[in-house]
Amino acid sequence: REEIGKIFLKRKLDVLALSETKMKGIGSSNREFGGVEVYWYGVDEAEHGSSGVALLLSPEMKGSMTDHVEVSDRLMWVKLKLGREV
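Cut-offs and rules
Residues numbered from 1 in each chain as written. Predicted model: local features only at pLDDT ≥ 70, side-chain atom pairs only at ≥ 80, totals over all residues. Heavy atoms only, no water. Helix = DSSP H or I, 4+ residues; strand = E, 2+ residues; numbered from the N terminus. Contact = heavy atoms within 4.5 Å. Areas by Shrake-Rupley, 256 points an atom, 1.4 Å probe, with all protein chains shown as cover. Pairing = 2+ DSSP bridges. Axes fitted to C-alpha atoms, helices over the stretch in contact; angles between N-to-C directions. Salt bridge = Lys/Arg side-chain N within 4 Å of Asp/Glu carboxyl O. Buried < 20%, exposed > 50% of the residue type's maximum accessible area, 1.4 Å probe, protein only.

Remarks on the overall build of the protein
A tally of helices and strands in the protein yields two helices and six strands. Starting at the N terminus and walking to the C terminus, you meet the elements of the protein as α-β-β-β-β-α-β-β. Counting only contacts in the protein whose residues sit at least 6 apart along the sequence, the fraction spanning at least 24 positions is 42%. As displayed, the protein offers around 5,800 Å² of accessible surface, 49% of which is attributable to carbon and sulfur atoms.

As structure tokens, then:
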């Protein structure tokens, strides 16, 4: 996970979505991947599945985020306000 965060920063990415993270825990938490805050929804502690989703956002994108919802351990969405509305 540390390496994922470092690559995210090195390549100057704005958004990175990950699936099948195998992270434990239900709901989002303040976790970091190499210094990058992660929004995530993991598998139930009792399960041993390969599901789980995570979302890394650059500081600029995090500032543009107006909403996010962890739907399940396979689906998450984020709403960003980019530019102007037409």
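Structure's up, so let's keep going.
Thoughts on the sheet that holds strand β3 (residues 36-41)
Taking strand neighbours across the sheet as the criterion, the four strands line up as β1-β4-β3-β2 in an open arrangement whose pairing is antiparallel. Taken across any chain shown, the strands that pair with only one partner, and hence form the sheet edges, are β1 (15-19) and β2 (31-33). Put simply, the sheet's adjacent strands are angled 35° from each other on average, direction ignored. Sheet analysis places β1 next to strand β4 (residues 53-57), joined by five bridges and oriented antiparallel.

Description of the pattern of salt bridges
In total, this model carries one salt bridge according to the counting rule given. The closest approach of N and O atoms between E37 and K62, which form a salt bridge, is 2.5 Å. Taken as a pair, E37 in strand β3 and K62 in helix α2 (residues 59-64) lie far apart in primary sequence, 25 residues in all. Classification of E37 as partly exposed rests on a relative accessible area of 25%.

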